[in-house]
Amino acid sequence: MRVLLDTNIIMDWFLGRQPHVEQVAVIIKMCTEDKIKGCIAAHTVTNLFFILRNEFSVEKRRLVLLDLCNEFKVIGIDASKLISALKNNNFNDFEDCLQDECAMNFNADYIITRNTADFKNSKIKAVNPIKFLEKIN
């Protein structure tokens, strides 16, 4: 099983957002224990560095994001992914389209996100953490 974790999933984990953090922690543990293969998109790291600026110092953000990059396969964004996403009219949100491009590159079975509606036209099926855990149990 191969999954891409959307930015909001990583934010739930970093920020301990209730009621989501419990399910997310289970999925992340499964990834770090190699029970499933997990990845993140490279732009998730840059987005998180900016988004978390009010929560963590620069030093803390660097540390937690370095740990994240060491635990998960990071799928890069290159010109072909950017061009493909720019040409894709099936997404309203360009960032979500890039998540789909990265998930395809990783041969992911699922994109795990809390915003499944944003991925209704994705090539890789999007599921929320609860549905994902139900599927694998």
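Provided above is the structure to which this section pertains.
Rules and cut-offs
Residues numbered from 1 in each chain as written. Predicted model: local features only at pLDDT ≥ 70, side-chain atom pairs only at ≥ 80, totals over all residues. Heavy atoms only, no water. Pairing = 2+ DSSP bridges. Helix = DSSP H or I, 4+ residues; strand = E, 2+ residues; numbered from the N terminus. Buried < 20%, exposed > 50% of the residue type's maximum accessible area, 1.4 Å probe, protein only. Contact = heavy atoms within 4.5 Å. Expected span 1.5 Å × (residues − 1). Core = buried A, V, L, I, M, F, W, Y, C linked by side-chain atoms within 4.5 Å.

Peer 1: I keep staring at the sheet that holds strand β5 (residues 126-127) and nothing clicks. Help me out?
Peer 2: What links the strands of a sheet is backbone hydrogen bonding, and the strands pair in either a parallel or an antiparallel sense. Ordered in space as β3-β2-β1-β4-β5, the five strands form an open sheet in which the pairing is parallel. Lying at the two open borders of the sheet, with one neighbouring strand each, are β3 (73-75) and β5.

Peer 1: Help me understand the side chain of H43, please; the structure alone is not making it clear to me.
Peer 2: Structurally, H43 is set in helix α3 (residues 42-51). Assessed through its relative accessible area of 11%, H43 is described here as buried. Residues within four places of H43 in sequence aside, it is in contact with I77, E95, L98 and Q99.

Peer 1: Help me out: how do you make sense of helix α2 (residues 21-32) in this one?
Peer 2: An α-helical segment advances 3.6 residues per turn. Residues three or four places apart therefore align on the same side. The terminal C-alpha atoms of α2, which comprises 12 residues, lie 16 Å apart, in line with the 16 Å expected from a rise of 1.5 Å per residue. All buried positions along α2 are accounted for by V21, V24, I27, I28, M30 and C31. Elements in contact with the buried residues of α2: β1 (2-5), α1 (7-15), β2 (37-41), β4 (110-112) and α7 (129-136). Of the residues trailing α2, D34 is marked for its positive phi of about 60°.

Peer 1: Help me out: how do you make sense of unusual backbone geometry in this one?
Peer 2: A negative phi angle characterises most non-glycine residues, just as the trans form characterises most peptide bonds. The linkage connecting Q18 with the following residue, P19, adopts the cis geometry, with an omega of 0°. The residue P19 is located in the loop between α1 and α2 in this model. Positive phi values are uncommon outside glycine, yet D34 reaches one of about 60°. Assignment of secondary structure puts D34 in the loop between α2 and β2. Non-glycine residue N107 carries a positive phi angle of around 60°. Along the chain, the position of N107 falls in the loop between α6 (94-105) and β4.

Peer 1: For this particular structure, what's the right way to read the nonpolar core?
Peer 2: Soluble globular proteins tend to pack their nonpolar side chains together in the buried interior. If you look at the biggest cluster of nonpolar residues, it comprises 26 residues, and the most contacted ones within it are V3, L5, F14, L48, L68, I112 and F132. Going through the elements one at a time, β1, α1, α2, α3, α4 (58-71), β4 and α7 are the ones with two or more residues in this core. Counting residues per element, this core draws most heavily on α2, at five residues. Once you skip the residues sitting within four places of it in the chain, L5 turns out to touch I10, I27, I28, C39, I40, F72 and I112. In terms of nonpolar packing, the next biggest core, distinct from the first, is built from 16 residues, I75, C97, C102 and F119 among them.

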